[in-house]
Amino acid sequence: MTTARHWPTNSERPARYVHLDVTDADQWDAAVATAVGEFGKLNVLVNNAGIVALGQIGKFDMVKWQKVIDVNLTGTFLGMQASVEAMKTAGGGSIINVSSIEGMRGAPMVHPYVATKWAVRGLSKSAALDLGKFNIRVNSLHPGFIRTPMTKHFPDDLVTSPLGRPGQSDEVGHVRGLPRQRRIVVRHRRRVRRGWRSDHRRPPQGPF
């Protein structure tokens, strides 16, 4: 027997748009203050901003390199930094940092992207150990090659994929359990592909 699932309406799940430059600490502080002021508390942060730049490593433009570092890595750090005190006040929370499958391997021509996604993975691990005592969980997500506006000009064979093609955004849009899983402080990563994602078992104890 299948039970129909109730999905919240817009009135039950209000949203508030705030323009945010993720490389600007003051704008992060203002965004967090707006969230707390309008919704009463902050429980969940999703760091999803990311950009990519292409080039051969011997000739890579340093301005492009630094811009990717600033958005993908420093932006993620600033988001966590700005949110911590509000989550402590709320009694805990969940931070979800979107990395990439390239944070677990490598790919040609996207060197700063790969470097930042590895760094986001490591930053998530260290932050989880730092914030666990405050009931704040930290996860990193590692989607495969997904076709988005950022990757629309990339050839399908730029990176290998178990599907034999890039994934679509709606194929990784439902990773359930992260904000609601209260039993554990998550120190592991989740790799997301079409038709497969890691389960919700308790992770091994200790950093890894």
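Residues numbered from 1 in each chain as written. Predicted model: local features only at pLDDT ≥ 70, side-chain atom pairs only at ≥ 80, totals over all residues. Heavy atoms only, no water.

## Brief notes about the pairing of strand β2 (residues 93-98)
Within β2, six of the six residues are buried, leaving the element largely enclosed by the surrounding structure. Burial of β2 is two-sided: the residues Gly93, Ile95 and Asn97 facing one way and the residues Ser94, Ile96 and Val98 facing the other way are all buried. With four bridges joining them, strand β1 (residues 44-47) and β2 adopt parallel strand pairing. Within the sheet, the bridge partner assigned to Asn47 lies in β2 and is Asn97. (Buried < 20%, exposed > 50% of the residue type's maximum accessible area, 1.4 Å probe, protein only. Helix = DSSP H or I, 4+ residues; strand = E, 2+ residues; numbered from the N terminus. Pairing = 2+ DSSP bridges.)

## Some points on unusual backbone geometry
Peptide bonds are mostly trans, and most non-glycine residues show a negative phi. Even without glycine at this site, Met109 takes up a positive phi of about 75 degrees. Locating Met109 in the fold gives a position in the loop between β2 and α3 (111-131). You can call Met109 partly exposed: its relative accessible area is 32%. The residue Asn135 is not glycine, and still its phi comes out positive at about 65 degrees. Inspection of the secondary structure assignment puts Asn135 in the loop between α3 and β3 (136-143). Residue class for Asn135 comes out partly exposed when judged on its relative accessible area of 38%.

## Things to note about the environment of Asn135
As for Asn135 and Lys88, which are separated by 47 residues in sequence, their C-alpha atoms are 7.9 Å apart. Those residues in contact with Asn135, other than ones at most four positions away along the chain, are Gly91, Gly92 and Gly93. (Contact = heavy atoms within 4.5 Å.)

## Points about the confidence of the model for the protein chain
The predicted model of the protein chain averages 79 in pLDDT, with 70% of residues at 70 or higher. Per-element confidence in the protein chain ranges from a low mean pLDDT of 34 for strand β7 (residues 196-197) to a high of 98 for helix α2 (residues 62-90). In the predicted structure, residues 181-208 sits below a pLDDT of 50 and forms 71 contacts with residues beyond four places in sequence or in another chain. (pLDDT = per-residue confidence, 0-100.)

## Let's talk about the packing of aromatic side chains
This model, assessed by the stated rule, comprises one aromatic pair. Judged by centre distance (6.4 Å) and plane angle (85 degrees), the rings of Phe60 and Trp65 are edge-to-face. Residue classification places Phe60 among the buried positions, given a relative accessible area of 12%. Just above the ring of Phe134 sits the side chain of Lys88; from NZ or CZ to the centre is 4.1 Å. (Phe/Tyr/Trp six-rings, centres within 6.5 Å; stacked < 30°, edge-to-face > 60°. Lys NZ or Arg CZ within 6 Å of the ring centre and 35° of its normal.)

## Considering the packing of helix α1 (residues 25-39) against α2
The interhelical angle for the contact between α1 and α2, taken along N-to-C directions, is 40 degrees, at an axis separation of 9 Å. One way to sum up the angle between α1 and α2 is to call them oblique. Considering how the two elements wind past one another, α1 and α2 form a crossing that is right-handed. The residues of α2 that touch α1, namely those facing Ala25, Trp28, Asp29, Val32 and Val36, are Gly75, Leu78, Gly79, Ala82, Ser83 and Ala86. Of the residues belonging to the contact of α1 with α2, the class tally is seven nonpolar, three polar and one charged. (Axes fitted to C-alpha atoms, helices over the stretch in contact; angles between N-to-C directions. Parallel < 35°, antiparallel > 145°, perpendicular 65-115°, else oblique. Left-handed = near helix turned anticlockwise from the far one by under 90°. Nonpolar A, V, L, I, M, F, W, Y, C, P; charged D, E, K, R; others polar.)

## What to know about α2
Owing to its 3.6 residues per turn, the α-helix brings residues three or four apart onto one side. The end-to-end C-alpha distance of α2 is 41 Å, a good match for the 42 Å that 29 residues give at a rise of 1.5 Å each. Most pronounced at Val84, the bend in α2 amounts to some 40 degrees. At the N-terminal end of α2, a side-chain oxygen is found 2.9 Å from the backbone nitrogen of Val63, two or three residues along, and the residue is Asp61. Directly beyond the C-terminal end of α2, a positive phi value near 95 degrees is found at Gly91. (Expected span 1.5 Å × (residues − 1). Bend = angle between axes of the 7 residues up to and from the residue. Polar contact = N/O pair within 3.5 Å; in protein donor to acceptor, adjacent residues only side chain to side chain.)

## Re the nonpolar core
Ranked by size, the top nonpolar core spans 20 residues in total, and within it Met80, Ile95 and Val138 carry the most contacts. Elements with a minimum of two residues in this core: α1, α2, α3 and β3. Considering every element that reaches this core, the biggest residue donor is α2, with seven residues. Beyond its immediate chain neighbours, meaning those up to four positions away, Ile95 contacts Leu45, Asn47, Met80, Met87, Leu131, Ile136, Arg137, Val138 and Asn139. (Core = buried A, V, L, I, M, F, W, Y, C linked by side-chain atoms within 4.5 Å.)

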